[in-house]
Amino acid sequence: MPRSKSHRLVAALLLARLAVTFAFSMRAEAAPARTAPPILVPSSSSSSFDCGCVANPVVLPPAPGCPEWQLYYYGNAGSWNGGRKCFLPTGSSGLAVSDDGLSWTRVPGDEEGGAVLVPSDEEGAWDSVHTGVADVVRVGPEELHMYYFGGSDEAIPMGPGSIVGFRMRIGRARSTDGGRTWAKDEGYVLDYDESEGLFASWPRIVTGQDLDGSGRWRMFYHSFDGQKWRVFGAESDDSGDTWRRTGLVLEGGTSEDDFDYAGIGTRTVTRWRDGLLMIYEGVDKSSTHSLGAAFCADEASNEWKKLHDGSAILEPGKGPLGEWTGQVIGTPYVVTMPDGSLRLYHCAKDGPEGKMAIGVVESKTGDTSAESWSSVEPEPDFVHNIGCVTS
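What counts, and at which threshold
Residues numbered from 1 in each chain as written. Predicted model: local features only at pLDDT ≥ 70, side-chain atom pairs only at ≥ 80, totals over all residues. Heavy atoms only, no water. Salt bridge = Lys/Arg side-chain N within 4 Å of Asp/Glu carboxyl O. Helix = DSSP H or I, 4+ residues; strand = E, 2+ residues; numbered from the N terminus. Buried < 20%, exposed > 50% of the residue type's maximum accessible area, 1.4 Å probe, protein only. Contact = heavy atoms within 4.5 Å. Pairing = 2+ DSSP bridges.

Trainee: What am I meant to see in the pattern of salt bridges here?
Mentor: Close approach of charged atoms allows side chains of opposite charge to pair. Counting across every chain of the model gives 23 salt bridges. In this structure, the salt-bridge partner of R216 is E235, at a minimum N-O distance of 3.7 Å. Of this pair, R216 sits in the loop between β11 (201-206) and β12 (217-224) while E235 is found in strand β13 (residues 229-236), placing the two residues 19 residues apart along the sequence. A relative accessible area of 37% means that R216 is categorised as partly exposed. Connected through shared salt-bridge partners, E143, R172, R174, D185 and D241 make up one network.

Encoded structure:
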């Protein structure tokens, strides 16, 4: 074959290969990223306590003596105790179980509407208007401690009028039957402090580092002073029986462009890379809720540094989050998997008329940057049986 014809043939083959490569790359770029659907939605039964909304997942992986995944959450049917108007997705708390942490089945509780924990029926009690599970801690192989918060019927001046249910405090309940029933402690374990704000609520607990979970425990909670949301801390040397405040932990950014300019509310805290990782819910100047991350390299120091230059790691309706998260994403809860990856459970909804639901994304690398998160691949039969989460 003449040299010129050989060159032309090689060139033609190269061009054809480039064309195929370009076509596949364009197809890959055009394909939308897979988004994560909700894994727990409000009950379809109008008699259930959680037919109006579900939120604030607290997820316990299997452990010795408990082979199931457990998901504790709170919700309501559109109002609070006594038919009071609600302005939060709190109310009562429920339990769902799973074999894989993705496909969940509700466990009907003995309390009203199938809940496992409800507000007090005692008039004037500190938790008589609404309650919400905030964290659950394993204490030995047969006992669980639930840290929850509750709101009283005290009217707090707000704007031109007043609101009921905003004076919140932190309590504890105990279970010895795998979380099916709970007995509340007498009174609360942490009161609100006027120097912090109007309430103390949404506690997350980090137990001691000793093998049996003893040692110093840490609590992270938040408050609101009428202007900003801030995270505060407390610690316990008697496995959660008593708590003493340790002061401010983390607050929002100072620039109006910061995604957490209006403050920081709910959060998850877990041990991560020889320190503590906090993934938190930040609120911007227009009241949009997104998630950010912070790290504490030394638990004893209580010094936290925001990661990724203080930018959001997950924003409503973006990245792996589906359209159902378009209005808000919040109440994060992280589970570290055996391979070092992270599962991030959260709540979200698509708009003012939507109902709050619970979802999950994952970071296969264990990193926390915005690019790290993706949808979790469900078990093959989960997609076909997703209706089970509404029962």
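Trainee: Honestly, the side chain of T90 in this entry has me stumped. Any pointers?
Mentor: Considering the arrangement of structural elements, one finds T90 in the loop between β2 (69-76) and β3 (92-98). In this structure T90 touches Y74, G75, N76, W80, H130, T131, F149 and W202, once residues within four positions along its chain are discounted.

Trainee: Just checking my understanding: could you explain the sheet that holds strand β10 (residues 183-184) for this structure?
Mentor: The strands making up a sheet are joined through hydrogen bonds of the backbone, oriented either antiparallel or parallel. The strand order across the open sheet formed by four strands is β5-β6-β9-β10, and the pairing between neighbours is antiparallel. Looking along the sheet, the strands with just one partner apiece sit at the ends: β5 (130-138) and β10. Pairing between strand β6 (residues 144-151) and strand β9 (residues 168-175): eight bridges, direction antiparallel. Of the residues in β9, the one forming a bridge with L144 is S175.

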